[in-house]
Amino acid sequence: MFSRLQGKNVFITGASSGIGEACAYHFAAAGANVILSARRVEKLGKVEAAIHEKYPTVSVQTIELDVRDSAAVTRAVESISGAIDVLVNNAGLALGTENVDWLVDSNIDAVIDTNVKGLLFVSRAVVRRMKEQGMGHIVMMGSIAGLVGYASGSVYCASKGAVKAITESLRAETIGVPIHVTEIKPGMVETEFSVVRYGGDKAKADAVYRGLEPMTADDVAETVVFAASRHPRCVLADVVMLASGQA
Ligand code: NDP
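Residues numbered from 1 in each chain as written. Predicted model: local features only at pLDDT ≥ 70, side-chain atom pairs only at ≥ 80, totals over all residues.

## Focus: the nonpolar core
In this structure, Ile-12, Ala-24, Phe-27, Val-34, Val-126, Val-139 and Val-224 are the most contacted members of the largest nonpolar core, which totals 57 residues. Not counting residues up to four positions away in its chain, the partners in contact with Val-34 are Val-10, Ile-12, Ala-24, Phe-27, Ala-28, Ile-51, Val-58 and Val-60. Among the nonpolar cores identified, the runner-up in size contains 6 residues, and Ala-94, Ala-145, Val-155 and Tyr-156 belong to it. (Core = buried A, V, L, I, M, F, W, Y, C linked by C-beta atoms within 7 Å. Buried ≥ 20, exposed ≤ 12 C-beta atoms within 10 Å, placed from the backbone. Contact = placed C-beta atoms within 7 Å.)

This is how it looks when you write it as structure tokens:
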């Protein structure tokens, strides 16, 4: 079913953990070459080694990249040789669990700079490349937080609402150009995400999942690969994924 991905080049941001890392394994399993980026290069090295061991014919490139750095994003995309067939625009985080009246400047900056500006920097560079190539598929990692707000979620929800808006704008801009755009909007997925959100407090992070079984990063990665492997006449535009029992 995923044979269309054989030999394709897939660029993944935030590939050092969680959903991005899982995407790296699932695309490699489908025979795609993967270009993995994140800030923690030692973690990327471990993902690369695991892929080399399990899928020796697949090529892996790792790029140290902070998506908040516009110039670095441009250089990173330029460093990718050959076509970029698929982009998984995944790097992101949620910092700040404050209500609006207690918002902390550094948390606002981190979330907006990464989830919104970083995603735009990567989109800009890759869309230019894909237009030159005359094809490509972009998978944006949104969230159900982009559809509905919740208490203490103002900044993160705003950032994922922006991902939805950017996705829809890009889709409108690429009508008639064979660049496909998908947005995946997961609900609760157990990754390092909550640990980062609570500043490394694992007990607080685990409490987020109390009372329901969260999705796994593999659940989301399987869906990303499915979306990226459809026949070119068909676009999986928008996918909402919920943990069973999640309201
Ligand atoms: P993780 O914390 O496990 O992964 C986040 C990834 O983003 C890491 O690889 C991290 O790499 C990377 N990242 C963070 N900041 C930057 C940066 N400035 N530059 C480059 N890379 C960065 O969490 P998830 O896998 O859960 O999150 C992946 C995406 O999924 C995010 O966009 C998140 O918003 C979204 N999502 C997550 C949900 C969940 O419940 N977990 C639900 C819905 C959406 P490094 O630190 O090495 O740079």
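Back to the write-up after that little detour.
## Let's talk about the UniProt feature "domain: Ketoreductase" (unreviewed entry) in the protein chain
The sites that carry the UniProt feature "domain: Ketoreductase" (unreviewed entry) are, in the present numbering, residues 8–181. For residues 8–181, the end-to-end C-alpha separation is 17 Å, with 48% helix and 17% strand making up the annotated structure. (UniProt positions renumbered as here; feature names shortened; annotations may be inferred. Helix = DSSP H or I, 4+ residues; strand = E, 2+ residues; numbered from the N terminus.)

## Thoughts on the pairing of strand β4 (residues 86–89)
Residues in a regular strand project their side chains so that they alternate between the two faces of the sheet. With burial as the criterion, each face of β4 is covered, one bearing Val-86 and Val-88 and the other bearing Leu-87 and Asn-89. Both strand β1 (residues 9–13) and β4 contribute to a ladder of 3 bridges, which runs parallel. Across the sheet, residue Phe-11 finds its bridge partner in β4, namely Leu-87. Strand direction decides the pairing type here: β4 and strand β5 (residues 136–141), joined by 4 bridges, are parallel. Paired with Leu-87 across the two strands is Ile-138, which belongs to β5. (Pairing = 2+ DSSP bridges.)

## Observations regarding the environment of Val-148
Relative to the elements of secondary structure, Val-148 occurs in the loop between β5 and α5 (154–173). For Val-148 and Lys-160, which are 12 residues apart along the polypeptide, the C-alpha to C-alpha distance reads 9.7 Å.

## Observations regarding the sheet that holds strand β7 (residues 238–241)
Overall, parallel pairing links the 7 strands, which are arranged β3-β2-β1-β4-β5-β6-β7 in an open sheet. Looking at which strands have only one partner, the edges of the open sheet turn out to be β3 (60–64) and β7. Geometrically, the sheet is characterised by an average inter-axis angle of 15° between neighbouring strands, direction not taken into account. Of the strand pairs in this sheet, β5 and strand β6 (residues 179–186) are connected by 6 bridges, and their pairing is parallel. By the bridge assignment, Gly-136 is partnered in β6 with Ile-179. (Axes fitted to C-alpha atoms, helices over the stretch in contact; angles between N-to-C directions.)

## A short note on the site of the ligand
Around the ligand, a shell composed of 32 residues is seen, among which Gly-14, Gly-18, Arg-39, Arg-40 and Gly-92 lie nearest. Broken down by secondary-structure element, the contributors of at least two residues to the shell around the ligand are α1 (18–29), α4 (105–133) and α6 (193–197). Here the shell around the ligand takes 3 residues from α1, the largest share from any one element. Its residues assigned to classes, the shell around the ligand comprises 14 nonpolar, 12 polar and 6 charged. (Near = placed C-beta within 6 Å. Nonpolar A, V, L, I, M, F, W, Y, C, P; charged D, E, K, R; others polar.)

## Details of helix α2 (residues 41–54)
Along an α-helix, residues three or four positions apart point the same way, because every turn accommodates 3.6 residues. With 14 residues, α2 should cover 20 Å at 1.5 Å per step; its first-to-last C-alpha distance of 20 Å lies within 8% of that length. What α2 keeps buried is the set Leu-44, Val-47 and Ile-51. Buried residues in α2, looked at end-on, bunch into an arc of 60°, giving them a common side. Those residues of α2 that are exposed and angled more than 90 degrees off the buried face are Glu-42, Ala-49 and Glu-53. As for α2, its buried residues are in contact with α1, β2 (33–38) and β3. (Expected span 1.5 Å × (residues − 1). Arc of directions from axis to C-beta.)

## A word on the environment of Lys-43
The topology assignment puts Lys-43 in helix α2. The exposure class of Lys-43 is partly exposed, given the 17 C-beta atoms found within 10 Å. The spatial distance from the C-alpha of Lys-43 to the C-alpha of Ser-17 is 7.6 Å, given a sequence separation of 26 residues. Setting aside residues up to four positions removed in sequence, Lys-43 forms contacts with Ser-16, Ser-17 and Ala-38.

## Things to note about helix α3 (residues 70–78)
Three or more residues of α3 are buried, namely Val-73, Ala-76 and Val-77. Projected down its long axis, α3 shows its buried positions confined to an angular sector of 95°, all on one face. Of the residues in α3, the exposed ones pointing more than 90 degrees away from the buried face are Ala-71 and Glu-78.

## Regarding the pairing of β1
Among the 5 residues that make up β1, 5 are buried, leaving the element largely enclosed by the rest of the structure. Residues of β1 alternate between two faces, with Asn-9, Phe-11 and Thr-13 on one and Val-10 and Ile-12 on the opposite face, all of them buried. Pairing of β1 with β2 involves 5 bridges; the strand directions are parallel. Residue pairing in the sheet places Ile-12 in a bridge with Leu-36 of β2.

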